[in-house]
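Geometric and topological summary
Given next are the chains, with one letter for each unit.
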Amino acid sequence: MRGREEVINSLKEGLSISSADEVELLFLGKGSSLTRYANSTIHQNVKESNSEIRVRVVIGKKIGFSQTNDLTKEGIKKAVLDAEKIAKVTKEDPDFVKLPEPEEGKDIKTFFEENLNVKPEDMAEKVVNVIKRAESKNLIASGAFSFDINEYAVVNSRGIEKYQPYTSFFFTTVIMGENSSGYADRFSMKFSELDENSLADEAIERALMAKNPKDIEPGKYEVILTEYAVEDVISFLSYLGFGAKQFHQGTSFLSGKICEKIMGENITIWDDGLNPEGAPIPFDFEGVPKKKVMLIENGVAKGIVYDSYHAFKYHTKSTGHALPQPSSFGPLPLNIFMKEGTSSLSDMIKNVKKGILISRFHYTNPLDPKRAIITGMTRDGTFMIENGKISYPVKNMRFTQNMIEMLNGVVEISKNRKKQKGMIHVSVVPCIRVKEFNFTGKTEF
């Protein structure tokens, strides 16, 4: 780690080099340790570190970008001057107004010094415990265990000066039998809070239950989605529709529907980068403090997230959701919550006369972003429910489903929620029971 003083001073030196109208320097520092295991054997243990600075300069309404991982004075100077050269030959952006200005934000603890004492041997020990529990049931364990130490810092010519260190762990496992599998993962900001035994037991239970799956016909079924499947759904909704760029371009399922009821009354979804129950980070990649944004409240479309560019363009305020610039995605929610219900997973199963329990989705892709139609496969444990009990495992199924329609048909939500890491975000979501879900194909496994 470089530390606040070193990072901020380097960025401020970069500011002083430029003669542009406005300048922004973003520091992204990352140290990562990774332990991989397959066939119940640790086969990789690697450690890497890399830091980069991204420069954005503004000359009139022309914007230039550059980035470098040469953090010497000469390297930073070159990056700043390169960004200026690029800006001078770039077309004007008539929608650009200005870089954001400083705002008061909240201090949040996201760095835990105790994690610095974690050694590769400590991570390997937890992996070995998972492997041993799997082998005791004649099963095979695979997966990965990562430890990240990140530093974020932003300075700009309007006075923003932000720095935040961050530590996190992500532990995954897939437990395999002869013709079955089970999955589990855990995300935590503290090593001491990771329970590898519960991780292993969850995946082992699913793998044992999923032995010898049966073939069933595609069609519409009542389903229960575990938190892993719900996270996948919420992740796609966030990517497809909760950002200002998609909303104002008219490609979002929320476009033109703010204040309209589009989901069931029991569905409430929001983004909150300040909530310690998730994975908080106090400011975005422009240095703007995070704001809580209600996206869906009791089924009603309430809002979207903004960065400074789209906020100025559409005459509103940034909600603190900028990605590192330049970004083709626009702003995105990265700290997503879904409101809990009052049920338990076992209660949901008891309430299903005939339906399917889905442990997890795999290879999901959008077919129609505007209508939030998504296709994908089930994976790592799919089960038939009959008369309130899990009766037998079924082979994996392909689905094609309008997720907005699905969230209009949620009849039960679990009280317990799980913190989960997605591709670029962290979510806290429950299990849900849905009246109708559309399976369009089947597999041989």
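Remember, it's a predicted structure, so these values are computed and weren't measured experimentally.

This next bit is on the overall build of the protein. Looking only at helices and strands, one finds 9 helices and 19 strands in the protein. For the protein, whose C-alpha radius of gyration is 24 Å, the value lies close to the compact-globule estimate of 22 Å for 445 residues. The proportion of buried residues among the 445 residues of the protein is 58%. Accessible surface, the protein as shown: approximately 19,700 Å² in total, 48% of it carbon and sulfur. Of the side chains in the protein, 60 bear a positive and 60 a negative charge, and the two mean positions are spaced by 3 Å.

We now examine the packing of aromatic side chains. On inspection of all chains with the given rule, the structure shows 16 aromatic pairs. For the pair Phe145 and Phe171, a centre-to-centre distance of 4.2 Å together with 5° between the ring planes defines the contact as stacked. Of this pair, Phe145 sits in strand S4 (residues 140-156) while Phe171 sits in strand S5 (residues 161-176), and the two are 26 residues apart along the sequence. Ring plane angle 75° and centroid distance 5.6 Å describe the contact between Phe242 and Phe253, whose orientation is recorded as edge-to-face.

A word on unusual backbone geometry. Omega for the peptide link from Gln325 to Pro326 comes to 0°, which places this bond in the cis form. Backbone geometry places Asp380, a non-glycine residue, at a positive phi of 60°. By secondary structure assignment, the location of Asp380 is in the loop between strand S14 (373-378) and strand S15 (382-386). Owing to a relative accessible area of 5%, Asp380 belongs among the buried residues under this scheme.

Structurally, Asn402 can be placed in strand S17 (residues 397-402). Among the residues examined, Asn402 registers a relative accessible area of 13% and is labelled buried. Note: C-alpha distance between Asn402 and Val305 (97 residues apart in sequence) is 23 Å. When near neighbours in sequence (up to four residues on either side) are disregarded, Asn402 contacts Arg371, Ala372 and Ile373. At 3.1 Å, the side chain of Asn402 and the backbone oxygen of Arg371 are in polar contact. Within polar-contact distance, the side chain of Asn402 engages the backbone nitrogen of Glu405 at 2.9 Å.

Before going further, it helps to examine helix H2 (residues 73-88). The periodicity of an α-helix, 3.6 residues per turn, causes residues three or four positions apart to be oriented the same way. Between its first and last C-alpha, H2 extends 23 Å over 16 residues, near the 22 Å set by a 1.5 Å rise per residue. Here H2 has its buried residues at Gly75, Ile76, Ala79, Val80, Ala83, Glu84 and Ala87. Close packing links the buried residues of H2 with helix H1 (4-17), strand S1 (22-38), strand S2 (41-59) and strand S3 (62-68).

For Thr68, the location among the structural elements is in strand S3. Setting aside anything within four residues of it in sequence, one finds Thr68 in contact with Ser51, Glu52, Ile53, Gly75 and Ala79.

If you look at the biggest cluster of nonpolar residues, it comprises 51 residues, and the most contacted ones within it are Leu237, Ile296 and Ile432. Once residues lying within four places of it in the same chain are set aside, the contact partners of Ile296 are Phe242, Leu254, Ile262, Met263, Ile267, Thr268, Ile269 and Ala301. Phe111, Leu199, Tyr228 and Ile281 belong to the second-largest nonpolar core, a separate cluster that totals 44 residues.

Where S14 and S17 come together, 5 bridges link them in antiparallel fashion. Residue pairing for S17: Thr375 is matched across the bridge by Thr400. Taken together, the 3 bridges between S17 and strand S19 (residues 426-442) define a ladder with antiparallel strand orientation. Bridge pairing links Arg398 to Gly441 in S19.

What follows covers the packing of helix H3 (residues 120-135) against helix H4 (residues 196-209). Remark: H3 packs on H4, axes separated minimally by 9 Å, with the N-to-C direction vectors making an angle of 35°. The handedness of the crossing between H3 and H4 comes out as right-handed. Each of Lys126, Asn129, Val130, Arg133 and Ala134 in H3 lies in contact with H4, whose residues at this interface are Glu196, Asn197, Leu199, Ala200, Asp201 and Ile204.

Before going further, it helps to spend a moment on the sheet that holds S1. In space, the 6 strands of this open sheet follow the order S3-S2-S1-S4-S5-S6, with antiparallel pairing throughout. Both edges of this open sheet fall to S3 and strand S6 (181-188), since each of them pairs with a single strand only. The sheet shows a mean angle of 15° between the axes of neighbouring strands, taken without regard to direction. As judged from the 17 bridges shared by S1 and S2, these two strands associate in the antiparallel manner. Paired with Glu24 across the strands is Arg56, a residue of S2. Helix-sheet contacts for H4 involve S5 and S6, and the interaxial angle to S6 is about 155°.

Time to look at the pattern of salt bridges. Throughout the structure, instances matching the rule amount to 28 salt bridges. In this structure, Lys12 and Glu161 form a salt bridge, with 3.5 Å as the shortest nitrogen-oxygen distance. With Lys12 in helix H1 and Glu161 in strand S5, this pair connects stretches of sequence that are 149 residues apart. Residue Asp95 pairs with Lys313 through a salt bridge whose shortest N-O separation is 3.3 Å. In this pair, Asp95 is assigned in the loop between H2 and H3 and Lys313 in helix H7 (residues 308-313), connecting sequence segments 218 residues apart. The exposure class of Asp95 is partly exposed, given its relative accessible area of 29%. On the basis of relative accessibility, which here comes to 29%, the residue Lys313 falls in the partly exposed class. Taken together, the shared-partner salt bridges in this structure form one network comprising Glu22, Lys98, Glu101 and Arg158.

Let us now look at the side chain of Ser18. Relative to the assigned elements, Ser18 resides in the loop between H1 and S1. Residue classification places Ser18 among the buried residues on the basis of a relative accessible area of 14%. A polar contact of 3.0 Å, which involves the side chain of Ser18, links it to the backbone nitrogen of Ala20. Among the polar contacts listed, one links the side chain of Ser18 to the side chain of Glu84, at a separation of 2.5 Å. Setting aside residues no more than four positions away along its own chain, Ser18 makes contact with Val23, Val57, Val80 and Glu84.

What counts as what
- Position numbers for residues start from 1 in each chain and track the written sequence from start to end.
- Thresholds applied to this predicted model are a pLDDT of at least 70 for local features of residues and 80 or more for the giving and counting of side-chain atom pairs; totals over whole chains, interfaces and linings are not thresholded and use all residues.
- Processing note: side-chain calculations cover all non-hydrogen atoms of the structure and skip hydrogens and water entirely.
- A run of DSSP states H or I qualifies as a helix once it reaches four residues; a run of E qualifies as a strand once it reaches two. Both are numbered from the N-terminal end.
- Each radius of gyration reported is based on C-alpha atoms, and the globular scaling rule is 2.2 Å times the count of residues to the power 0.38.
- When a residue's accessible area, from a 1.4 Å probe over protein chains only, is under 20% of the maximum for its type it is buried; when over 50% it is exposed; and in between it is partly exposed.
- In these tables, accessible area is a Shrake-Rupley quantity obtained with a 1.4 Å probe, and a residue counts as shielded only by the protein chains included in the view.
- In this charge count, Lys and Arg are treated as positive and Asp and Glu as negative; neither His nor the chain ends contribute.
- The location of each charge is read from NZ of Lys, CZ of Arg, CG of Asp or CD of Glu.
- Note on aromatic pairs: the rings of Phe, Tyr and Trp (six-membered ring only in Trp) are paired at centre separations within 6.5 Å, and the planes decide the class, stacked below 30 degrees, edge-to-face beyond 60, tilted for the rest.
- The contact definition used throughout considers only heavy atoms, calling two residues in contact when any of these lie within 4.5 Å.
- Any N or O atom pair separated by 3.5 Å or less is treated as a polar contact, with the protein-specific requirement of one donor-capable and one acceptor-capable atom, and with residues adjacent in sequence counted only for side-chain atom pairs.
- To estimate the expected span of a helix, count its residues, drop one, and scale the result by 1.5 Å.
- Only buried residues count toward a nonpolar core, which is a set of Ala, Val, Leu, Ile, Met, Phe, Trp, Tyr and Cys residues joined through side-chain atoms within 4.5 Å.
- Two strands form a pair only when DSSP identifies at least two bridges running between them.
- In this description, a line fitted to the C-alpha atoms serves as the axis of each element, helices being fitted only across the stretch in contact, and the angle between N-to-C directions of two axes falls anywhere from 0 to 180 degrees.
- The crossing is said to be left-handed when, going from far helix to near helix, the turn is anticlockwise and less than a right angle, and right-handed when the turn is clockwise.
- The salt bridge criterion pairs a side-chain nitrogen of Lys or Arg with a carboxyl oxygen of Asp or Glu, the two atoms within 4 Å.

Distances and angles like these do not, on their own, reveal function.
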